[in-house]
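# Residue-level structure breakdown
Next come the chains, spelled out residue by residue.
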Amino acid sequence: IAVDGGATSASCSAALHPAVTFRWYKDNVLLDPSSGDDWYTITSSSDAEHSHTLLSISSASQDTHGSYECEAVWAADGDFLGGNVKSNPATLEVYRITGHPEDKFVLLGNDLTLSCQLNDNANITWFHNDIEVGSGVQTTQGGIITSSLALTEVTWEDAGYYYCEGEYEQGTIQSTPAKVFVRGVWTP
């Protein structure tokens, strides 16, 4: 599990005798390190007893979401010895904001609701001009959480930037800020 834009990795190990090489698959498609794809790196190492490989994803996104498997291939002096073993698949789920709050115009004294949506269970907090203003009201439907922040009887002080932030065990993600414009007649 990773947050959108965050780094993550998966590792795989196998007994060293005889020599082991590794292959990584995403959604049953071989990942080829020489392909020029820059969203992942594969490194390998060994010690006296085991060979290890690490698949590192530098920036998780919806494109990197999927099922990953490691395959150990035993060979000696270039001769295939058979007995390849694939790991159980591991699913990378990427937490992301699926609906950002939108810019709004509101008349002085009216009510306004801002919302954002995240694709999984998160602790959601709203911010106004980088100051925490609460968690809003949250509803869940089909694995999507909607957080709504209600502003009642809007004043001049409510104008500014608003964004939501989702906090997960793996990190936090932040929505694109929305600007709230307050219109009305100013009376000193």
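Residues numbered from 1 in each chain as written. Predicted model: local features only at pLDDT ≥ 70, side-chain atom pairs only at ≥ 80, totals over all residues. Heavy atoms only, no water.

## Considering the side chain of Asn119
Note the cut-off: Helix and strand assignments follow DSSP, with helices taken as H or I runs no shorter than four residues and strands as E runs no shorter than two, numbered in order from the N terminus. Each residue gets one of three labels from its accessible area relative to the maximum for its type: buried under 20%, exposed over 50%, partly exposed in between, using a 1.4 Å probe on protein chains only. Pairs of N or O atoms within 3.5 Å make up the polar contacts considered here, provided that, within protein, one atom can donate a hydrogen while the other can accept it, and that residues adjacent in sequence are counted only when both atoms are side-chain atoms. Here, residues are in contact when the closest pair of their heavy atoms is within 4.5 Å.
Note that Asn119 resides in the loop between strand S14 (112-118) and strand S15 (123-128). For Asn119, a relative accessible area of 14% corresponds to the buried category. Within the structure, the side chain of Asn119 is placed 2.9 Å from the backbone oxygen of Val94, a separation counted as a polar contact. For Asn119, the side chain forms a polar contact with the main-chain nitrogen of Arg96, separated by 2.8 Å. Sequence-distant contacts of Asn119, defined by excluding residues within four places in its chain, comprise Val94, Tyr95, Arg96, Thr98, Gly143, Ile144 and Tyr168.

## Things to note about the sheet that holds S14
For sheets, the rule is that strands pair by backbone hydrogen bonds, running either parallel or antiparallel. Worth spelling out the cut-off: In short, DSSP must find at least two bridges between two strands for them to pair. The axes are straight lines fitted to the C-alpha atoms, using for helices just the contacting stretch, and the angles between their N-to-C directions are given from 0 to 180°.
Strands sit in the order S12-S14-S18-S17 across an open sheet of four strands; the sheet is antiparallel. The outermost strands of the open sheet, each flanked by one partner alone, are strand S12 (97-99) and strand S17 (137-141). Strand-to-strand twist in this sheet, taken as the mean axis angle between neighbours without regard to direction, amounts to 30°. Here S17 runs beside strand S18 (residues 144-151); their pairing, made up of five bridges, is antiparallel. Paired with Thr140 across the bridge in S18 is Ile145.

## Describing the nonpolar core
Threshold: As used here, the term nonpolar core means buried Ala, Val, Leu, Ile, Met, Phe, Trp, Tyr and Cys residues forming a set that is joined through side-chain atoms within 4.5 Å.
Ranked by internal contacts, the top residues of the largest apolar core, which has 21 residues, are Leu118, Ile124, Trp126, Tyr162, Cys164, Tyr168 and Val180. Secondary-structure elements contributing two or more residues to this core are S14, S15, S18, strand S19 (160-168) and strand S21 (178-183). Here this core takes four residues from S14, the largest share from any one element.

## Details of the state of the cysteines
Note the cut-off: To count as a disulfide, a pair of cysteine sulfur atoms needs to be within 2.5 Å.
Considering all chains together, one arrives at two disulfides under this definition. Residue Cys12 pairs covalently with Cys70 via a disulfide, S to S 2.3 Å. Between Cys12 and Cys70 the disulfide shows an S-S torsion of about -95°. By sign, it is left-handed. Highlighted residues: Cys12 in strand S2 (residues 8-15) and Cys70 in strand S7 (residues 66-76), separated in sequence by 58 residues. For Cys70, a relative accessible area of 1% puts it in the buried group. Between Cys116 and Cys164 runs a disulfide, and the two sulfur atoms are separated by 2.1 Å. Taking the sign of the S-S torsion, about 125° here, the bridge from Cys116 to Cys164 comes out right-handed. With a gap of 48 residues between them, Cys116 in strand S14 and Cys164 in strand S19 connect regions that are remote in the sequence. What links to what in the chain: the bonded cysteines, counted in sequence order, pair as 1-2, 3-4.

In short, geometric facts, not functional conclusions.
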